[in-house]
Protein chains: 2
Amino acid sequence: MARGKVQLRRIENATSRQVTFSKRRTGLLKKAYELSVLCDAEVAVIVFSQKGRLYNFSSNSEIQMTIDRYRRSANDADKYRADMEQHILAMRSNKSIFIQVLMFLQSFE
Amino acid sequence: MARGKVQLRRIENATSRQVTFSKRRTGLLKKAYELSVLCDAEVAVIVFSQKGRLYNFSSNSEIQMTIDRYRRSANDADKYRADMEQHILAMRSNKSIFIQVLMFLQSFE
DNA sequence: CTAGCTATGTATAAAAA
DNA sequence: TTTTTTATACATAGCTA
């Protein structure tokens, strides 16, 4: 990109990696925004830094809507099955599942 | 970006919009890939064209893992409530409630 | 729609603040 | 870490095929 071509591999120098992360993250979110506006597309971006900090963009008012739509679009048989399995596994390892279920169903009727 | 600066608003000409979408979408996914590699970050991108076609990228082998992580990071009280409401709305208009319930539970853990 | 072609507009690496 | 500067590398709008 500038003053030197970049090799496509993890930047070893921690400081450089951090600076690059900051700049490119900003650039990525900006590009996502531009794509959504120029092309009237629905775009969602999720980024986690190495330290676990979250950065995200969503053309939708609620990124959850795009995520849900993704699920619906990507749910061919295999994907569905895989997701199901994941969900079931996730549930099995959670003790407060029943409480959550009740809370949820309650608000449903 | 070339031969003329672009106004940040929906491209009216359908053909131009389509071509731009194709080019920028590719560019966005590439940038996402580069960010993930260079900075060792976890990145997920979801894009829907106007026609509803899905394009996505995930630095993780399964984008679902990044989405889950997002939920965990973003679940302050308000966000939780908003998600709940959205899921409920989604469910009301969907007959496969069982599947939706499972998917929803995943967001807790 | 997909694929070059270039002139230009942008993004950004490196260095320094 | 974030920002600024500046030289370069990249991305891409408008065309063409």
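Thresholds applied
Residues numbered from 1 in each chain as written. Chains lettered and ligands numbered in written order. Predicted model: local features only at pLDDT ≥ 70, side-chain atom pairs only at ≥ 80, totals over all residues. Heavy atoms only, no water. Helix = DSSP H or I, 4+ residues; strand = E, 2+ residues; numbered from the N terminus. Buried < 20%, exposed > 50% of the residue type's maximum accessible area, 1.4 Å probe, protein only. Contact = heavy atoms within 4.5 Å. Areas by Shrake-Rupley, 256 points an atom, 1.4 Å probe, with all protein chains shown as cover. Axes fitted to C-alpha atoms, helices over the stretch in contact; angles between N-to-C directions. Parallel < 35°, antiparallel > 145°, perpendicular 65-115°, else oblique. Left-handed = near helix turned anticlockwise from the far one by under 90°. pLDDT = per-residue confidence, 0-100.

Draft legend 1. Up close: the overall build of chain A. Counting secondary structure elements, chain A contains four helices and two strands. N-terminal to C-terminal, the α/β element order of chain A is α-β-β-α-α-α. Among the 109 residues that make up chain A, the fraction classed as buried is 39%. The contacts of chain A with a sequence gap of at least 6 include a subset with a gap of at least 24, amounting to 21%. Summing over all exposed atoms, chain A offers an accessible surface of approximately 6800 Å²; the carbon and sulfur share of this is 53%.

Draft legend 2. Broad picture of the packing of helix α1 (residues 14-38) of chain A against helix α1 (residues 14-39) of chain B. Where α1 of chain A meets α1 of chain B, the axes come as close as 10 Å, and the angle between the chain directions of the two elements is 160°. With respect to their mutual orientation, α1 of chain A and α1 of chain B come out roughly antiparallel. Crossing of α1 of chain A against α1 of chain B: the hand is left-handed. Residues Arg17, Thr20, Phe21, Arg24, Arg25, Leu28, Lys31, Ala32, Glu34, Leu35 and Leu38 of chain A of α1 of chain A pack against Arg17, Phe21, Arg24, Arg25, Leu28, Lys31, Ala32, Glu34, Leu35, Leu38 and Cys39 of chain B of α1 of chain B.

Draft legend 3. Up close: the confidence of the model for chain A. All names here are of chain A. With 67% of its residues at a pLDDT of 70 or more, chain A shows a mean pLDDT of 76. When mean pLDDT is compared element by element in chain A, strand β1 (residues 42-48) scores highest at 96, while helix α4 (residues 97-106) scores lowest at 32. Low pLDDT (under 50) marks residues 83-109, which in the prediction has 32 contacts with non-local residues, meaning those over four places away or in another chain.

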